[in-house]
Amino acid sequence: MTTDASTDGTTDASRDWKHRHEQRTETVSAPYGPLSLTGTHWLADYPDGSLPDIPGRWTEAGDEIVLTAEAGDGLTLDGQLFDGEARLGADPGPVAAARVGHGDRRLVVLRREGLWAVRDFDPESATRRAFRGIEATEYDARWAVEGRFTPYAAESTTDGVRTVRVGNADGVERGLGLGGELAFSLAGKDHTLQVSVEGDGSLWAVFADATSGVSSYRFRFLRPAAPDAEGRTTVDFNRALLPPCAFADHFICPFPPPGNTLGAEIAAGERNLIGS
């Protein structure tokens, strides 16, 4: 199938890439996008419940966090000035919908592997003010190839997931759930990526390549669409994404699992922040 080209030489795929890139830039630079994260505070590191630059007292209580504050602390809960004690679970939705706020800041409750944390998102963060854009390579059809997903054998997984321990951007090793292998060819060479399967059936890969740490960020994300009944999907490195920790140091992005560092130079997709 051919792709229609307009009179200026652009294709539908190229125009779609440009549109996605513009949307992506707007998303990451939004008031509560990743650039606004100023801290991730693990409650286990603050047994007295006092978090850096965050009012109130935050303590663990099994499957909940207990927040204690006075009106003078200036915290809001569900949009109302908060005074007293509240029990909180992890915030499931977007940052802007977090239950607790302090002025324009949003304080997001997070849980990872049984540990509680509070993330501080501030629209006035220095990283958001300094943002100049995302360096990305223009669309090139050579980087979009057919791939085939093969789930792991059931006997080697738990409910279809094989968990491996990988380092994270904050220096801590955590579990990464993987669902299978995505095979594809680039420039006549075969490659594979170990991938996670999202709730909607789409795939997620954390990968590095020969450009990582050189002309691209040290690792990137790729999110292929859900495979069809035969396991086929498109592996489009034009859609390679910078991980959240490229925008703010306080994210805990996983590093690539074993086997996901490609020998090829993937000079495609998002590469770095402009000026980095």
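Just above, that's the structure.
As the structure is a prediction and not an experimental result, all values here were calculated from the model. (Residues numbered from 1 in each chain as written. Predicted model: local features only at pLDDT ≥ 70, side-chain atom pairs only at ≥ 80, totals over all residues. Heavy atoms only, no water.)

Let us now look at the packing of aromatic side chains. For the structure on display, the rule yields six aromatic pairs. For the ring pair Tyr217 and Phe219, a centre distance of 5.8 Å and an interplane angle of 55° mean the geometry is tilted. Judged by its relative accessible area of 16%, Tyr217 falls in the buried class. For Phe219, a relative accessible area of 1% translates into the label buried. Ring plane angle 45° and centroid distance 6.4 Å describe the contact between Phe219 and Phe221, whose orientation is recorded as tilted. In this structure an aromatic cluster arises from ring pairing among Trp204, Tyr217, Phe219, Phe221 and Phe255. Geometry around Tyr152 places Arg162 over its ring, the cationic atom sitting 3.7 Å from the centre. (Phe/Tyr/Trp six-rings, centres within 6.5 Å; stacked < 30°, edge-to-face > 60°. Buried < 20%, exposed > 50% of the residue type's maximum accessible area, 1.4 Å probe, protein only. Lys NZ or Arg CZ within 6 Å of the ring centre and 35° of its normal.)

As a further point, take the pattern of salt bridges. With the rule as written, the count across this model stands at 18 salt bridges. Across the pair Asp170 and Arg174 runs a salt bridge whose closest N-O atoms are separated by 2.8 Å. Since its relative accessible area comes to 32%, Asp170 is described here as partly exposed. Salt bridges sharing partners connect three or more residues here, namely Asp16, Arg20, Asp236 and Arg239. (Salt bridge = Lys/Arg side-chain N within 4 Å of Asp/Glu carboxyl O.)

Keep in mind these values describe shape, not function.
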